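Inside the fold
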Amino acid sequence: MPEFDFKRFHIRSMNAGSDEERAQINQELKDLYTSLSEEDKAVFNQQLQKFLAREVSRIKSDYESVHGLDRPN
């Protein structure tokens, strides 16, 4: 089963110097997906969902930590 490095694409996109560069990175990811077999596309989708859930959870936790600083204990 292939392992997809979504974090690498994510970091590259966050550090992109322009919208055009970000679009190019997104196109690379789309091209990768298009090149996969149906079986690998299913694996890709599962791993992407797991990555997104983990990242959203991390961002939510970070937000709640910072947001909580404005509230009294």
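In what follows, the structure referred to is the one given above.
Rules of the game
Residues numbered from 1 in each chain as written. Predicted model: local features only at pLDDT ≥ 70, side-chain atom pairs only at ≥ 80, totals over all residues. Heavy atoms only, no water. Helix = DSSP H or I, 4+ residues; strand = E, 2+ residues; numbered from the N terminus. Buried < 20%, exposed > 50% of the residue type's maximum accessible area, 1.4 Å probe, protein only. Contact = heavy atoms within 4.5 Å. Core = buried A, V, L, I, M, F, W, Y, C linked by side-chain atoms within 4.5 Å. Phe/Tyr/Trp six-rings, centres within 6.5 Å; stacked < 30°, edge-to-face > 60°.

1. Examining the overall build of the chain
Within the chain, the secondary structure is distributed over three helices and zero strands. Element order for the chain, N to C, with α for helix and β for strand: α-α-α. In the chain, which comprises 73 residues, the proportion classed as buried is 18%. Expressed as a percentage of contacts within the chain between residues at least 6 apart in sequence, the contacts between residues at least 24 apart total 50%.

2. A few points about the nonpolar core
Counting six residues, the largest nonpolar core is built from Phe4, Phe6, Leu36, Val43, Phe44 and Phe51. Considering each element in turn, this core owes the most residues, three residues, to helix α3 (residues 38-67). If near-sequence neighbours (up to four positions away) are discounted, phenylalanine 44 is found in contact with Phe4, Phe6, Leu29, Leu32, Tyr33 and Leu36.

3. Some remarks on the packing of aromatic side chains
Summed over the entire model, instances satisfying the criterion amount to five aromatic pairs. The interplanar angle of 70 degrees and the centroid separation of 5.1 Å between the aromatic rings of phenylalanine 4 and phenylalanine 44 together place this pair among those described as edge-to-face. With a gap of 40 residues between them, phenylalanine 4 in the segment before α1 (6-14) and phenylalanine 44 in helix α3 connect regions that are remote in the sequence. Exposure remark for phenylalanine 4: the relative accessible area of 15% places this residue in the buried category.

4. A look at the side chain of serine 13
Note on placement: serine 13 falls in helix α1. Residue classification places serine 13 among the buried residues on the basis of a relative accessible area of 15%. Excluding anything up to four places from it in sequence, serine 13 contacts Arg22 and Ile25.

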